[in-house]
Amino acid sequence: MMNSEEARHLTETVPGGVPIKMWTRGVPVEEAAKRQLANAARLPIVFKHIAAMPDVHLGIGATVGSVIPTLRAIIPAAVGVDIGCGMMAAKTTLRAEDLPDNLAPLRAAIERAVPHGRSPGARDPGAWQKTPGAVNTAWAQLEPEFKELCRDYPKLAKTNHLNHLGTLGSGNHFIEVCLDEQGAVWFMLHSGSRGVGNAIGTMFIELAKQDALRNNAKLPDRDLAYFEEGARYFGDYVRAVGWAQKFAALNREVMMRRVIEAAKTVIHKNFQSHIEAVNCHHNYVQKERHFGEEVYVTRKGAVSAKAGQLGIIPGSMGARSYIVRGKGHADSFESCSHGAGRVMSRGDAKRSFTLAQHRAATEGVECRKDKDVLDETPAAYKDIDAVMAAQAELVDIVHTLKQVVCIKG
DNA sequence: ATGTAC
């Protein structure tokens, strides 16, 4: 007979590897994602077990929605290229009834205040034409360490680092205005370290692969190449990834400030923000203590959920999002999911859904309703309620947020 | 996710 702990998550054994603990009861998990988790479980550097969150799905090298603890080594592809990607949310003193009936001008004001969208070359709509003061102030905190990184890796200097600080990006990055269960207005956003973090991630992933090839390392997947403590590049990677994580957190802070300033130009009632604020990564690595050991914990699409710690779990653009409080569950390495998780690829989603379905699914949300956003339609994601139920032993729900405005790049 | 190359 199973005890109550076992009843809430599943453990899969992996021949020749550590076990996989999965908080996925009642949510679909692709076989390909399970095979990918098993690959990581077979690495000699993995500590104790791998934890899979209920939003788990196939990624490059490592699975999105997983927590990979490693001893004296880091897998750069497990962290990925959007280093420090995460969420920020801020509660305000505004009430639902303080918002105008027509939300289009609020959406437009936010879109003007924060550059968004992909960078198609010289004329970059996703970058600043002229960096505002808040960006220059934030950059001052990042610049000294960046200059050191550029001394060792000159190609980083060619990235659009300064003009992308405080900008949204594209894909699943977004800005939202939400209402909580008591009618309070929140601002929420999702973004990462933009082009410069991508350049750092890509460069070190490639260096790790080259190292593995040179050393004839036995790997279940080349994308799982890792740096060991003391080896060439390990220290540089730790430094660079830490810097990109700082860039990402500041990026979100700058945007949040700009969003709130923009809202004040449209909403004429005076209000306070940051009544409750959370800024959390869900794509990152850091040293932590678990089961009595110092380990590098890589959360690839997972959020830290120490006992009492607040986190953010966004649903898709038509669903709800959650502010959660961690329960510090040891076997999850004190983690929870980072969202609902995709159920199909972007291409499949664009082929599977119609604009009419998307309009129905996002009714009442002031957001994009064009065919190019179909890959982000709610039906392309897992049911957020099932995802929350599957991780009830990892987090408590503190606030339930429903979006009324959603901006995507 | 991003920026560059095809």
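What this report covers is the structure whose coordinates are included nearby. The model shown is predicted, which means the values in this text are computed figures rather than measured ones. (Residues numbered from 1 in each chain as written. Chains lettered and ligands numbered in written order. Predicted model: local features only at pLDDT ≥ 70, side-chain atom pairs only at ≥ 80, totals over all residues. Heavy atoms only, no water.)

So, the nonpolar core
Filter applied, for reference: Among the buried residues, those of types Ala, Val, Leu, Ile, Met, Phe, Trp, Tyr and Cys that are joined through side-chain atoms within 4.5 Å form a nonpolar core. Note on exposure labels: buried denotes an accessible area under 20% of the residue type's maximum, exposed denotes more than 50%, and partly exposed covers the range between, all computed with a 1.4 Å probe on protein chains only.
Counting residues in each nonpolar core, the largest one holds 45 residues, and the members touching the most others are M188, I312, C336 and I384. Grouped together as the second largest cluster of nonpolar side chains are 35 residues, W128, F146, F227 and V254 included.

What about the layout of surface pockets?
Short version of the rule: The method works on a 1 Å grid over the protein atoms by themselves. A cavity is a set of points holding a 1.4 Å probe that cannot get out, a pocket is an open set with protein on both sides within 12 Å along at least five of seven lines, and residues with an atom within 4 Å of a point line them. Grid points are joined across faces, edges and corners, and a volume is the space filled by probe spheres set on the points. Only DSSP runs of H or I covering at least 4 residues are called helices, and only runs of E covering at least 2 are called strands; the numbering of each starts at the N terminus. For this scheme, ten residues count as nonpolar: Ala, Val, Leu, Ile, Met, Phe, Trp, Tyr, Cys and Pro. Four count as charged, namely Asp, Glu, Lys and Arg, and the remainder, Gly too, count as polar.
For the largest pocket, the calculated volume is near 1,300 Å³. Considering the residues around the largest pocket, the lining is formed by 47 residues, among which D82, N172, H173, N283 and R346 are closest to the centre. Every element with two or more residues in the lining of the largest pocket is listed here: helix 3 (76-79), strand 7 (174-179) and helix 6 (194-214). Here the lining of the largest pocket takes 5 residues from helix 6, the largest share from any one element. Tallied by class, residues from the lining of the largest pocket come to 13 nonpolar, 23 polar and 11 charged. Counted as a void, the second largest pocket has a volume near 170 Å³. As for the second largest pocket, its lining consists of A208, D211, A212, N215, A217, L219, A225, Y226, F227, E228 and A231. Residue assignment for the lining of the second largest pocket shows that the elements contributing at least two residues are helix 6 and strand 9 (227-228). When residues in the lining of the second largest pocket are grouped by element, the largest group, 3 residues, is from helix 6. By residue class, the composition of the lining of the second largest pocket is 8 nonpolar, 1 polar and 2 charged.

Considering the packing of helix 4 (residues 104-113) against helix 7 (residues 234-266)
What counts here: Every axis in this analysis is a line fitted to C-alpha atoms, fitted for helices over the stretch in contact. Angles between the N-to-C directions lie between 0 and 180 degrees. Reported orientations rely on four angle classes, namely roughly parallel under 35 degrees, roughly antiparallel over 145, roughly perpendicular from 65 to 115, and oblique for the rest. Take the far helix as your reference; a near helix turned counterclockwise from it by less than a right angle gives a left-handed crossing, and one turned clockwise gives a right-handed crossing. Contact definition: two residues touch when any of their heavy atoms are within 4.5 Å.
Here helix 4 crosses helix 7 at 140°, and the two axes come no closer than 8 Å. Here helix 7 runs oblique to helix 4, going by the angle between their axes. By crossing handedness, the relation of helix 4 to helix 7 is classed as right-handed. From helix 4, P105, L106, A109, I110 and A113 reach across to helix 7, where they touch R258, V259, A262, A263, T265 and V266. A breakdown of the residues in the contact of helix 4 with helix 7 according to their chemical character gives 9 nonpolar, 1 polar and 1 charged.

A look at the environment of L401
Structurally, L401 is set in strand 17 (residues 395-408). Measuring from C-alpha to C-alpha, the distance between L401 and A319 comes to 9.0 Å, with 82 residues separating the pair along the chain. Each residue touching L401, except ones within four places of it in the same chain, is listed here: C178, L179, D180, W186, M188, R320, S321 and I323.

Observations regarding the sheet that holds strand 3 (residues 50-57)
Selection criterion: Pairing between strands requires that DSSP locate at least two bridges from one strand to the other.
The strand order across the open sheet built from 6 strands is 1-2-3-4-12-11, with neighbouring strands paired in mixed fashion. Of all strands in the sheet, those bounded by a partner on one side alone are strand 1 (10-12) and strand 11 (283-290). Direction aside, the axes of adjacent strands within the sheet are offset by 25° on average.

Regarding the environment of R194
The following threshold applies: What qualifies as a polar contact is a pair of N or O atoms within 3.5 Å, subject to a donor-acceptor requirement within protein and to the restriction that residues adjacent in sequence count only when both atoms come from side chains.
Locating R194 in the fold gives a position in helix 6. Among the polar contacts listed, one links the side chain of R194 to the side chain of T167, at a separation of 2.9 Å.

Concerning the pattern of salt bridges
Applicable threshold: Each reported salt bridge corresponds to a side-chain nitrogen of Lys or Arg within 4 Å of a carboxyl oxygen of Asp or Glu.
A complete count under the given rule lists 27 salt bridges for this structure. A salt bridge links R107 to E111; the nearest nitrogen and oxygen atoms lie 3.1 Å apart. With R107 and E111 both in helix 4 and 4 residues apart, the pair spans about one turn of that helix. On the basis of relative accessibility, which here comes to 15%, the residue R107 falls in the buried class. On the basis of relative accessible area, E111 is assigned to the partly exposed category, the value being 25%. The salt bridge involving K147 is made with E143; its shortest N-O contact spans 3.8 Å. Linking K147 with E143, this pair stays in helix 5 (residues 133-152), spanning 4 residues, or about one helical turn. The exposure class assigned to E143 is partly exposed, which follows from its relative accessible area of 33%. Each of R342, R346, D375, E376 and K408 takes part in one network of salt bridges that share partners.

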